[in-house]
Number of protein chains: 2
Amino acid sequence: MQHRAAMFCRMLEKGFHSSAQRANKHHLRFPPLTSVDLPDIWIPRHDASIAKTCSPHLKTNSIGQTARVLEGKPIANNINSRISAEICEMKSTIGKTPGLGVILVGGRRDSQSFVHIKMKACMKVGIAPFTVELPEDCTEAELFDAVSSFNENPLIHGVVVQLPLPKHLDEEKIISYVSPEKDVDGFHPTNVGNLAMRGREPSFIPCASKGCIELLLWNDVEIKGKNVVVVGRSKLVGLPTSLLMQRHHATVTTVHAFTGNPEHVTCGADILVSDIGVPNMIRGHWLKPGVVVVDMGANSVEDTGSLQGHRLIGDVCYEEAIVKASAITPVPGGVGPITISMLLSNTVDAAKRTYRNT
Amino acid sequence: MQHRAAMFCRMLEKGFHSSAQRANKHHLRFPPLTSVDLPDIWIPRHDASIAKTCSPHLKTNSIGQTARVLEGKPIANNINSRISAEICEMKSTIGKTPGLGVILVGGRRDSQSFVHIKMKACMKVGIAPFTVELPEDCTEAELFDAVSSFNENPLIHGVVVQLPLPKHLDEEKIISYVSPEKDVDGFHPTNVGNLAMRGREPSFIPCASKGCIELLLWNDVEIKGKNVVVVGRSKLVGLPTSLLMQRHHATVTTVHAFTGNPEHVTCGADILVSDIGVPNMIRGHWLKPGVVVVDMGANSVEDTGSLQGHRLIGDVCYEEAIVKASAITPVPGGVGPITISMLLSNTVDAAKRTYRNT
């Protein structure tokens with residue numbers, strides 16, 4: 001039996017070494033912030049100042065453990081500072097800066113707000129922002145033209161089409177039209193395929209998924225060999241997070257609308273990632289004591305006490321989870337800020353590749 | 001709580017309807033055997049004659065159920081007959097036949113044997129076979145040239161590079177070089193990405209994974225909502241089977257070398273799919289009573305009693321599993337024959353698309 005298990009391991013590990021070896025090659029002119037080569041296991045980039053700021057919020061949970069609140073902002077600030085320094089170096093060395101082009105269709109307030117946040121973050125670190133705004137009723141041809149012009153613009157290294165699009169536009173077709181080499185959102189099918197297949201390297205990994213892993217690694221949460229349950233399988237978050245977790249050698253189960261007894265599955269999770277979009281759906285009894293909870297939900301709920309009349313809450317009932325988990329992300333302020341950093345990071349990577357090749 | 005669950009379902013189901021609607025469109029000049037449009041749920045193509053031949057082998061298992069032996073050969077024969085009829089019709093209508101090009105590098109006996117089986121199957125149904133054999137020490141450029149010539153040949157609709165390749169050749173690079181429109185193995189990253197993402201349609205689905213689903217559907221095994229555990233995550237079988245099972249709305253867990261307690265995970269499976277390559281690794285105590293077992297392993301073991309001195313056995317200990325499972329595939333004679341049918345089917349689909357567009 002032991003012999004069989006050893007064979008099993010040897011066989012399944014075969015691919016890993018070659019991939020890890022590839023990950024050690026240095027292709028880049030600038031030191032990578034997040035490597036273009038996707039290692040099977042990321043090497044967390046620890047920073048003593050971050051360690052201090054990351055673990056001040058502690059609560060004692062039901063099994064006597066101290067629950068850490070995994071705050072994303074200090075990590076995002078640290079990453080952004082490093083991106084900013086890299087861009088300064090790029091500018092002084094070759095006189096170039098990265099550029100990010102964002103296309104916004106229609107007047108959705110949440111989309112406008114997301115685009116505003118992205119543009120502001122770009123400017124803060126020195127990435128040149130480009131935007132195109134199209135009316136709600138724009139034609140597919142007009143949208144294709146906008147994507148084309150960004151695909152062809154040598155000053156733009158990353159292209160984002162803000163989702164969701166109005167219903168008359170075919171989202172999948174548009175996503176496929178973004179150049180895979182500028183697809184900093186990582187949604188192009190070629191990039192998703194390369195993410196799914198071990199031994200391959202996608203040009204870009206979707207930002208929220210990458211942010212989730214970054215957050216865990218910065219906080220020394222082991223992923224390899226852990227039971228990870230991802231609740232939800234959206235193309236933006238759930239699916240790529242499942243794929244990425246599997247690359248990190250977690251045993252991944254994906255829960256969705258057809259899962260008969262989701263709380264039974266989630267109770268087996270060492271790490272639970274939630275991407276549902278339903279406020280407080282995951283309750284305390286869905287969780288195993290000591291679980292690490294990454295709440296990727298951001299649900300706007302009415303709040304008469306707040307200035308705006310609403311506030312953001314997650315998919316996980318925070319009050320119930322905090323006393324059961326060993327660590328949990330807050331909403332807002334968890335993976336969200338790191339997601340933006342990952343977009344900036346992907347854009348810098350894209351620029352590096354372009355300038356390396358010219 | 002019910003309200004939340006309903007929201008969850010509605011939200012996650014949103015994508016399905018549009019995809020199902022697309023699946024109902026008839027793009028093809030010939031009636032599809034396996035639809036080019038990938039439905040979220042396949043409609044099994046039942047045939048009374050098959051039903052009779054599929055379930056004659058019954059054993060009573062430990063919970064008093066009758067274990068069915070899910071034989072692939074009768075299904076494969078039926079599918080092949082239908083493919084053959086389709087090709088006859090294609091020939092009589094437009095005077096064309098599909099063509100499959102297979103490239104074999106080096107002298108591996110198992111690869112030679114697989115190529116021989118594929119070519120023979122092609123000829124039997126009327127697909128024109130093309131082969132290129134390259135020496136073990138051929139250069140990457142020579143292999144690229146061979147792929148190119150098949151990619152460009154209008155008489156060839158499907159291109160297969162027989163795997164594994166000798167170690168000096170970069171398998172991933174070669175796979176990416178096969179035209180996605182002729183990638184009847186379904187291993188091109190764009191096709192894998194489109195398989196992973198619901199709402200998208202890959203040009204081709206890997207044959208073994210498609211064969212696994214076909215076998216289950218022909219035998220009326222429900223997939224939606226079931227706990228499916230896939231043991232192994234190879235790019236040829238395990239990974240695409242996990243992705244495809246998820247498209248069929250199973251709750252999928254993938255077990256691999258880093259899974260701490262694999263038998264604990266497999267014990268939760270309603271359907272267990274094995275892609276390990278280790279003979280008899282999965283024992284009776286790894287299985288839940290009543291499980292459906294699909295053994296995708298084909299391991300050659302010494303057998304002094306046989307004429308060849310060896311025989312094929314699966315990853316699952318058949319004798320222990322047959323008394324615990326409600327249904328199980330034999331090895332050989334399970335998914336294997338259907339896998340070949342799926343290759344033929346993918347090639348016919350490719351030819352249909354070509355002739356539809358010309």
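Residues numbered from 1 in each chain as written. Chains lettered and ligands numbered in written order. Predicted model: local features only at pLDDT ≥ 70, side-chain atom pairs only at ≥ 80, totals over all residues. Heavy atoms only, no water.

Draft legend 1. Just the sheet that holds strand S4 (residues 128-134) of chain A, in detail. Residues and elements named next belong to chain A. With parallel pairing, three strands are arranged side by side in an open sheet as S4-S3-S5. Each end of this open sheet is capped by a strand with a single partner; those strands are S4 and strand S5 (158-161). Adjacent strand axes in the sheet meet at a mean angle of 15°, parallel and antiparallel pairs treated alike. This element, helix H4 (residues 109-125), spans strand S3 (99-105), S4 and S5 of the sheet and lies at about 170° to S3. (Pairing = 2+ DSSP bridges. Helix = DSSP H or I, 4+ residues; strand = E, 2+ residues; numbered from the N terminus. Axes fitted to C-alpha atoms, helices over the stretch in contact; angles between N-to-C directions. Contact = heavy atoms within 4.5 Å.)

Draft legend 2. The packing of aromatic side chains, seen in detail. All names here are of chain B. All chains considered together, the criterion is met by two aromatic pairs over all chains. Measuring from ring centre to ring centre gives 4.4 Å for Phe144 and Tyr177, while their planes differ by 70°; the resulting arrangement is edge-to-face. Of this pair, Phe144 sits in helix H5 (residues 140-152) while Tyr177 is found in helix H6 (residues 171-177), placing the two residues 33 residues apart along the sequence. Overall, the relative accessible area of 15% leaves Phe144 in the buried class. The class for Tyr177 is partly exposed, based on a relative accessible area of 36%. (Phe/Tyr/Trp six-rings, centres within 6.5 Å; stacked < 30°, edge-to-face > 60°. Buried < 20%, exposed > 50% of the residue type's maximum accessible area, 1.4 Å probe, protein only.)

Draft legend 3. Up close: the relation of the copies chain A and chain B. For the match of chain A to chain B, the screw axis carries a shift of 0.0 Å, the RMSD comes to 0.0 Å, and the turn is 180°. These values place the two chain copies in the arrangement generated by a two-fold rotation axis. Taking the C-alpha atom as reference, chain A places Gly193 of chain A closest to the rotation axis, 1.8 Å from it. Take the interface residues of chain A: 100% of them recur as interface residues in chain B, which is what a same-surface contact looks like. (Least-squares fit on C-alpha atoms with pLDDT ≥ 70 in both.)

Draft legend 4. A look at the interface of chain A and chain B. If you look at the interface, chain A gives 51 residues, while chain B gives 51 residues. Carbon and sulfur atoms supply 65% of the area that chain A and chain B bury against each other, a total of about 4,600 Å² over both sides. Along the contact surface separating chain A from chain B lie two salt bridges. Ionic pairing is found between Glu172 of chain A and Arg200 of chain B, a salt bridge with its closest N-O pair at 2.6 Å. The interface formed by chain A and chain B contains 16 residue pairs in polar contact (both at pLDDT 80 or more). Looking at the side of chain A that touches chain B, the elements with two or more residues in it are helix H1 (2-23), helix H6 (171-177), helix H7 (189-196), helix H9 (238-247) and strand S7 (251-255) of chain A. Of the residues forming the side of chain A that touches chain B, the biggest block, nine residues, is contributed by H1 of chain A. Of the residues in the side of chain A that touches chain B, the class split is 26 nonpolar, 16 polar and nine charged. (Buried area = accessible area lost by both parts, 1.4 Å probe. Salt bridge = Lys/Arg side-chain N within 4 Å of Asp/Glu carboxyl O. Polar contact = N/O pair within 3.5 Å; in protein donor to acceptor, adjacent residues only side chain to side chain. Nonpolar A, V, L, I, M, F, W, Y, C, P; charged D, E, K, R; others polar.)

Draft legend 5. The arrangement of the pairing of strand S4 (residues 128-134) of chain B in detail. Residues and elements named next belong to chain B. Pairing of strand S3 (residues 99-105) with S4 involves seven bridges; the strand directions are parallel. Within S4, the residue paired with Val102 across the bridge is Thr131. Taking the sense of rotation as the criterion, the β-α-β connection linking S3, helix H4 (residues 109-125) and S4 turns out right-handed. (Right-handed = clockwise from strand over helix to strand, strands pointing away.)

Draft legend 6. Structural view of the environment of Ala85 of chain A. Here Ala85 of chain A shows up in helix H3 (residues 73-94). The exposure class assigned to Ala85 of chain A is partly exposed, which follows from its relative accessible area of 46%.

Draft legend 7. Up close: the confidence of the model for chain A. Residue and element names in this part refer to chain A. Model confidence for chain A is summarised by a mean pLDDT of 86, while 82% of its residues fall at 70 or above. Within the model, the stretch residues 7-56 combines pLDDT values under 50 with 104 contacts to residues more than four positions away or in other chains. The ipTM assigned to the predicted complex is 0.85, against a pTM of 0.86. (pLDDT = per-residue confidence, 0-100.)

Draft legend 8. Quick look at the side chain of Asp275 of chain B. Within the element layout of this structure, Asp275 of chain B appears in the loop between strand S8 (271-274) and strand S9 (292-295). No salt bridge is formed by the buried Asp275 of chain B; its nearest oppositely charged neighbour, Arg198 of chain A, is found at 8.2 Å. A polar contact of 2.8 Å, which involves the side chain of Asp275 of chain B, links it to the side chain of Ser234 of chain B. Polar contacts involving the side chain of Asp275 of chain B include one to the main-chain amide nitrogen of Gly238 of chain B, which spans 2.8 Å. (Lys, Arg positive; Asp, Glu negative; His and termini not counted.)

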